[in-house]
Amino acid sequence: MPDAQLTILDWKTGTFVAPEHLLQLGGYAGATLHQEDGVWHPWLEARPTQAAVIHVGEDGCSVMQQANQAELETATTKFLELVDVFEWLVARGNVTVPENEAYRTNGHYLPSVTYILSHLMAKPKLLGWYAKMAKEGKDPNQIRDEKAALGTRVHKLILFYLEGKEVDISDAPEWLVKAWMHFERWARQVQLNPVWTETKVARWRADPQGREDALSYAGTLDCLAWCQLPDPVTERPNKEAARP
């Protein structure tokens, strides 16, 4: 196993790998502040050197998507480009920033990482899934909400565990027990050592006059931890070479 690295981790109960997941991680990595007891503080002196989306389900716990330091820095750069586009749309009046009290500071509301991505990233596969569910006579919104509720239960167990609280699964359904056992085993394998859990982070940027930019963005990262993940793939397939 490689040495432990400071890693941004995002828990997912589903298995769908979306392009925006990497940009989401890049947004968190680009944050300059974190919140403790309702007060914003500068980010740690140490910066994350990798990030990963982790699938946690009754079928197992594994890395779905992983970015090394270079990939994470690129993801942050690309996400900041999207922030520029989003702020331009806000200035034009095409998009509004939601009044989310969780991300309110100095009288201003900050758009979340996921809110920005939801306005700028197309999701053709998601639209296809909605159409498929409707064609089968199912309510896609109900299924979405049910899956979200399952994800919330898994996140809660993980949060309790990482905060050193008692995890009670005595009355939990079988799928949740299996998911929890897989996660606990995985956490031991990678020697997971949490620094932050369910922590609000933000990035504030200054304009040319040095005034604080009220927009920028905020978000809640699932976990920042020291851990020993397997080395990500460093060589991507050469599609040009593969062509006849």
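Everything in this summary refers to the structure shown in the same document.

**So, the overall build of the protein chain**
When helices and strands are counted, the protein chain shows seven helices and nine strands. Out of the 244 residues in the protein chain, the part that is buried amounts to 40%. Look at the contacts in the protein chain between residues 6 or more apart in sequence, and 70% of them connect residues 24 or more apart. Put simply, the protein chain shows about 14,000 Å² of open surface, and 51% of that area lies on carbon and sulfur atoms.

**Some details on the packing of aromatic side chains**
Throughout the structure, instances matching the rule amount to nine aromatic pairs. Taken together, a centroid distance of 5.1 Å and an interplanar angle of 75° make the contact between tyrosine 161 and tryptophan 180 edge-to-face. Taken together, the positions of tyrosine 161 in helix H5 (residues 140-162) and tryptophan 180 in helix H6 (residues 174-189) put the pair 19 residues apart, joining distant regions of the chain. Looking at tyrosine 161, the relative accessible area reads 27%, which means it is partly exposed. Taking the relative accessible area as the measure of exposure, tryptophan 180 reaches 8% and is therefore buried. Arranged with centres 5.9 Å apart and planes meeting at 85°, the rings of tyrosine 161 and phenylalanine 183 form a pair that is edge-to-face. Placement of the pair is tyrosine 161 in helix H5 and phenylalanine 183 in helix H6, with a sequence separation of 22 residues. In textbook terms, an aromatic cluster arises when at least three aromatic residues are bridged by ring pairs, as seen for Trp11, Tyr161, Trp180, Phe183 and Trp186. Here arginine 47 stacks its cationic end above the ring of tryptophan 43, 4.5 Å away from the centre of that ring. The side chain of lysine 165 reaches across the aromatic face of phenylalanine 160, ending 5.3 Å from its centre.

**Looking at the sheet that holds strand E4 (residues 50-57)**
Spatial strand order, E3-E2-E8-E9-E1-E4-E5: seven strands in an open sheet with mixed pairing. Two strands lie at the open edges of the sheet, namely strand E3 (39-42) and strand E5 (60-67), each paired on one side alone. Adjacent strand axes in the sheet meet at a mean angle of 40°, parallel and antiparallel pairs treated alike. Here strand E2 (residues 33-36) pairs with E3 via four bridges, running antiparallel.

**Remarks on the environment of proline 19**
With respect to the helices, strands and loops of the structure, proline 19 is situated in helix H1 (residues 19-29). Residues proline 19 and methionine 121 lie 102 residues apart in sequence; the distance between their C-alpha atoms is 8.6 Å.

**A word on the side chain of glutamine 50**
Take glutamine 50: it is sitting in strand E4. In this structure glutamine 50 comes out as buried when scored by relative accessible area, which is 2%. At 3.4 Å, the side chain of glutamine 50 and the side chain of glutamine 66 are in polar contact. Discounting chain neighbours no more than four positions away, the residues touching glutamine 50 are Gln5, Leu6, Thr7, Ile8, Gln66, Ala67, Asn68, Leu72, Cys227 and Leu229.

The rules behind each value
Residues numbered from 1 in each chain as written. Predicted model: local features only at pLDDT ≥ 70, side-chain atom pairs only at ≥ 80, totals over all residues. Heavy atoms only, no water. Helix = DSSP H or I, 4+ residues; strand = E, 2+ residues; numbered from the N terminus. Buried < 20%, exposed > 50% of the residue type's maximum accessible area, 1.4 Å probe, protein only. Contact = heavy atoms within 4.5 Å. Areas by Shrake-Rupley, 256 points an atom, 1.4 Å probe, with all protein chains shown as cover. Phe/Tyr/Trp six-rings, centres within 6.5 Å; stacked < 30°, edge-to-face > 60°. Lys NZ or Arg CZ within 6 Å of the ring centre and 35° of its normal. Pairing = 2+ DSSP bridges. Axes fitted to C-alpha atoms, helices over the stretch in contact; angles between N-to-C directions. Polar contact = N/O pair within 3.5 Å; in protein donor to acceptor, adjacent residues only side chain to side chain.

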